[in-house]
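Chain by chain, the residues:
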Amino acid sequence: MSYRAPMTDMLFMLKHVGELERLNQLPGLQDYRLDLAQSVLEEAARFASGVLEPINRTGDVNGAQFQSGTVTTPVGWREAYQQFCDHGWLGLTLPDACGGQGLPEVIATPAKEMWLSANLSFTMLQALAQGGSEILLALGSEEQKQRYLQKMVTGRWSVAMALTEPNAGSDLAALTTRAAPITEGRYRIKGQKIFITYGDHDLAENIVHLVLARIDGAPAGNKGISLFAVPKYRINEAGQLSGANDVRCIGIEDKLGLHGSPTCTMVYGEQDDCVGELIGTENHGLKAMFILMNEARLSTGLQGVALAEMARQKAQGYALERAQGREPLSGQNPAFIVDHPDVKRLLLTIQSQVTALRSLAIQIAAAIDEAKALADDPVRSAELKAQVALLTPVFKAHATETGNRLISDAIQVYGGIGFVEDTGIAQLLRDAKITTLYEGTTGIQAKDLLFRKIQKDGGKALEHLLSNIQSCIEKISHGTLQITVAQPMTDALNQFRAMVAGVLKNDSDRQYGIHAGATIFLQALGILCGGWQLAKLAAAAGSDSNSNSRFRENLIAQAEFYCAHIIPMINSCKLTFEFSERGLQHYQFT
């Protein structure tokens with residue numbers, strides 16, 4: 001089944017969750033109305049289904065290749081990349097002054113989801129370009145911006161993010177790549193990096209590696225890490241390429257999924273002749289890299305949503321056309337498998353959670369835009385930034401873990417044929433697994449949430465979020481939704497607050513248990529946020545008479561299903577969290 005962008009869902013969410021009509025009253029956002037958003041998304045959808053999806057399968061089957069020190073991308077990749085750049089998609093949210101389109105995140109987010117659904121391996125290039133450009137915008141010198149930005153934003157040069165080393169995975173403090181001063185701002189780089197997405201390829205004329213390294217004599221640990229721009233080819237004073245920079249790919253990984261994107265092992269300074277430029281100030285590299293990491297984590301969460309959406313479309317399409325067995329009530333033979341209640345349960349499990357997660361992504365994107373627009377209101381802007389920071393690890397981890405489960409459910413709809421590669425759904429499961437691992441594993445996101453985002457501010461940002469959820473529940477405390485949505489959500493909110501009390505109590509006797517239960521805590525908050533979004537959509541569906549009646553009824557049905565089937569899991573999470581340390585401290589692995 002070919003990809004079809006869920007345009008009606010996306011536009012409804014932009015109106016009622018992204019609140020475009022309210023946002024375009026704010027400074028800098030006046031031009032971004034719903035009709036403009038629709039035009040952008042229609043073009044993005046055409047590119048997704050017409051250009052990116054047709055090369056997705058060939059990318060998976062043939063993959064990127066490494067021969068004689070050269071990396072080549074799959075057939076069709078170069079032509080698609082050129083079109084992607086020509087359409088300006090690479091710089092979707094970046095300033096028009098450096099070649100971008102300057103769109104707000106709230107409009108860009110559904111567009112990115114379309115491309116990720118159609119071809120994740122290819123679309124990773126867009127997130128790298130955006131993150132790298134944002135680092136230079138925030139921390140680069142005027143000379144560096146002049147040298148790099150426009151070429152990166154327009155795609156003439158691509159970006160690679162070089163953090164991981166063989167013995168320094170998630171623990172970046174252990175990295176060994178060195179930087180020796182040459183002249184002011186220029187350093188000789190020497191070291192090796194692994195798992196570098198698009199570290200080498202044949203799409204752009206140059207590749208700018210953002211490399212974490214330790215300057216000779218710098219402090220040990222995280223405090224001594226600096227960030228450098230290390231181009232594959234050197235750049236002369238006129239901004240032209242001027243020869244190799246002693247940057248070499250020595251191999252690409254043979255991976256479970258994402259076969260189309262080369263994952264490279266890179267060597268810098270093999271001949272002691274690799275030159276990099278310091279970005280920002282010495283020993284503040286991690287602070288700089290987190291600009292890219294935060295963007296990458298939100299992008300990775302969106303990957304979970306996008307792949308689950310593609311799986312939903314495939315499974316639903318198959319269920320509507322596959323005849324098997326008897327219809328359970330009428331006994332009609334044959335029945336389509338969508339008529340079987342358990343298959344319907346699987347499909348609605350996928351649909352409701354994809355809807356919830358897509359809506360949460362748009363909610364976060366709107367908060368990012370509003371925080372930027374309200375820069376002159378430091379109190380409100382800081383409040384919005386705190387909400388984004390709190391929700392980033394939740395969205396990254398919960399959307400990717402959920403996405404993996406939903407794709408598995410979609411394969412279950414297919415039955416045995418789903419295990420066969422020809423259906424295309426197996427690729428989604430293979431591609432999706434990495435999303436729970438890169439840009440910080442689920443466990444790392446959970447620790448970030450509990451210790452850096454909740455305990456650090458005494459739960460202030462979390463309480464603000466829970467108050468927003470409470471207000472949303474109160475708005476639907478009438479009619480049928482009172483029983484089917486508001487009451488289950490109220491019960492779940494109370495159960496989650498009990499979990500929060502245990503975290504904020506910070507009892508020394510419970511520290512091991514809090515560490516052990518961090519992922520369960522994050523899961524509970526992710527489920528609660530999904531219910532919040534569906535409750536908001538159900539309320540909007542009840543009042544938006546301009547939308548198709550079947551569409552509105554289906555939104556309400558999704559909220560009711562979610563509150564019956566998914567929300568009760570929060571109570572299970574609560575019980576698990578309370579006893580999370582049991583057995584862990586006593587079991588000995590041998």
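Residues numbered from 1 in each chain as written. Predicted model: local features only at pLDDT ≥ 70, side-chain atom pairs only at ≥ 80, totals over all residues. Heavy atoms only, no water.

**Remarks on the overall build of the chain**
Piece 1. The number of helices and strands found in the chain is 19 helices and 12 strands.
Piece 2. Here the C-alpha atoms of the chain give a radius of gyration of 24 Å, agreeing with the 25 Å that 2.2 N^0.38 yields for 590 residues.
Piece 3. Dimensions of the chain, computed from the C-alpha atoms along their principal axes, are close to 75 × 60 × 55 Å.
Piece 4. Here the chain holds 590 residues, and the buried ones make up 57% of them.
Piece 5. A fraction of 74% describes how many contacts in the chain between residues 6 or more apart in sequence connect residues 24 or more apart.
Piece 6. Within the structure as shown, the chain displays about 24,800 Å² of accessible surface, and the carbon and sulfur contribution to it stands at 51%. (Helix = DSSP H or I, 4+ residues; strand = E, 2+ residues; numbered from the N terminus. Rg over C-alpha atoms; globule rule 2.2 N^0.38 Å. Buried < 20%, exposed > 50% of the residue type's maximum accessible area, 1.4 Å probe, protein only. Contact = heavy atoms within 4.5 Å. Areas by Shrake-Rupley, 256 points an atom, 1.4 Å probe, with all protein chains shown as cover.)

**Details of the nonpolar core**
Piece 1. Counting residues in each nonpolar core, the largest one holds 177 residues, and the members touching the most others are Met-114, Trp-115, Met-289, Leu-462, Phe-496, Phe-521 and Leu-528.
Piece 2. Ala-162, Ile-189, Phe-228 and Leu-278 belong to the second largest nonpolar core, which has 21 residues in total. (Core = buried A, V, L, I, M, F, W, Y, C linked by side-chain atoms within 4.5 Å.)

**A look at the side chain of Asp-369**
Piece 1. Among the secondary structure elements, Asp-369 is positioned in helix α10 (residues 341-373).
Piece 2. Within the buried core, Asp-369 has no salt-bridge partner, and the shortest N-O distance to an opposite charge, that of Lys-372, equals 5.3 Å.
Piece 3. Here the side chain of Asp-369 touches Val-106 through a polar contact of 2.8 Å, landing on its backbone nitrogen.
Piece 4. When sequence neighbours within four positions are dropped, the list of residues in contact with Asp-369 reads Leu-29, Pro-104, Glu-105 and Val-106. (Lys, Arg positive; Asp, Glu negative; His and termini not counted. Salt bridge = Lys/Arg side-chain N within 4 Å of Asp/Glu carboxyl O. Polar contact = N/O pair within 3.5 Å; in protein donor to acceptor, adjacent residues only side chain to side chain.)

**Considerations on the packing of helix α1 (residues 7-16) against α10**
Piece 1. Here α1 crosses α10 at 45°, and the two axes come no closer than 10 Å. With respect to their mutual orientation, α1 and α10 come out oblique. Crossing angle aside, the handedness with which α1 passes α10 is right-handed. Touching Asp-9, Met-10, Met-13 and Leu-14 of α1 are Thr-355, Arg-358, Ser-359 and Ile-362, all from α10. (Axes fitted to C-alpha atoms, helices over the stretch in contact; angles between N-to-C directions. Parallel < 35°, antiparallel > 145°, perpendicular 65-115°, else oblique. Left-handed = near helix turned anticlockwise from the far one by under 90°.)

**Notes on helix α3 (residues 34-52)**
Piece 1. Taking 1.5 Å of rise per residue, the 19 residues of α3 would be expected to cover 27 Å, and the 25 Å separating its terminal C-alpha atoms lies within 8% of that figure.
Piece 2. Among the residues making up α3, those that are buried are Ala-37, Val-40, Leu-41, Ala-44, Ala-45, Phe-47, Ala-48, Val-51 and Leu-52.
Piece 3. Buried positions along α3 lie against α1, α2 (20-23), α4 (56-62), α5 (77-86), α6 (105-118) and α7 (120-139). (Expected span 1.5 Å × (residues − 1).)

**Side note on the pairing of strand β5 (residues 186-197)**
Piece 1. Pairing of strand β4 (residues 178-183) with β5 involves 5 bridges; the strand directions are antiparallel. Bridging from a neighbouring strand, Thr-183 pairs with Arg-186 of β5.
Piece 2. Remark: 2 residues form the turn of the hairpin made by β4 and β5, two consecutive strands paired antiparallel; Gly-185 in that turn has positive phi of roughly 85°.
Piece 3. Pairing geometry for β5 and strand β12 (residues 275-279), over 3 bridges, is antiparallel. Its bridge partner being in β12, Arg-186 is matched across the sheet by Glu-277. (Pairing = 2+ DSSP bridges.)

**Section: the pairing of strand β9 (residues 241-244)**
Piece 1. Relative to β9, strand β8 (residues 233-235) runs antiparallel, the two sharing 2 bridges. Within the sheet, the bridge partner assigned to Tyr-233 lies in β9 and is Ala-244.
Piece 2. Hairpin remark: β8 followed by β9, antiparallel, with 5 residues in the connecting loop; positive phi at Gly-239, about 85°.

**Remarks on the packing of aromatic side chains**
Piece 1. With the rule as written, the count across this model stands at 12 aromatic pairs.
Piece 2. Ring geometry for Phe-84 and Trp-115: centres 5.1 Å apart, planes at 75°, overall edge-to-face. Of this pair, Phe-84 sits in helix α5 while Trp-115 sits in helix α6; the two residues are 31 residues apart in sequence, bridging distant segments of the chain.
Piece 3. Judged by relative accessible area, Phe-84 falls into the buried class, the value being 1%.
Piece 4. Measuring from ring centre to ring centre gives 5.0 Å for Phe-496 and Phe-521, while their planes differ by 45°; the resulting arrangement is tilted. Here Phe-521 lies in helix α17 (residues 518-543) and Phe-496 lies in helix α15 (residues 479-505), a separation of 25 residues in the sequence.
Piece 5. Judged by its relative accessible area of 0%, Phe-496 is buried. (Phe/Tyr/Trp six-rings, centres within 6.5 Å; stacked < 30°, edge-to-face > 60°.)

**A short note on the environment of Ile-215**
Piece 1. As for its placement among the helices and strands, Ile-215 is situated in strand β6 (residues 206-215).
Piece 2. Remark: the alpha-carbon pair of Ile-215 and Pro-181, spanning 34 residues in sequence, is separated by 7.6 Å.
Piece 3. Contacts of Ile-215, omitting those with residues within four sequence positions, involve Arg-178, Ala-179, Pro-181, Tyr-187, Gly-224, Ser-226, Phe-228 and Glu-282.

**Concerning α7**
Piece 1. Counted at 1.5 Å a residue, the expected span for α7 with its 20 residues is 28 Å, and the 29 Å between its end C-alpha atoms agrees.
Piece 2. Counting buried residues along α7, 17 of its 20 residues qualify, which places the element largely inside the surrounding structure.

**Remarks on the pattern of salt bridges**
Piece 1. Here the structure, examined in full by the defined rule, presents 31 salt bridges.
Piece 2. Its salt-bridge partner being Arg-46, residue Glu-43 comes within 2.4 Å of it at the nearest N-O pair. Residue Glu-43 and its partner Arg-46 are located together in helix α3, separated by 3 residues, close to a single helical turn.
Piece 3. Take Arg-46: its relative accessible area is 48%, and that puts it in the partly exposed class.
Piece 4. Put simply, Glu-19, Arg-22, Glu-370, Arg-380 and Glu-383 are held in one network by salt bridges that share partners.

**Some thoughts on the state of the cysteines**
Piece 1. One pass over the full model with this rule turns up 0 disulfides.
Piece 2. Summary of cysteine pairing: Cys-85 is not part of a disulfide, and the nearest cysteine sulfur, belonging to Cys-98, is at 14 Å.
Piece 3. Cys-249 supplies the cysteine sulfur nearest to Cys-264, a cysteine that is in no disulfide, at a spacing of 4.0 Å.
Piece 4. Since its relative accessible area comes to 0%, Cys-264 is described here as buried. (Disulfide = S-S within 2.5 Å.)

Don't take any of this as a statement about function, it's just geometry.
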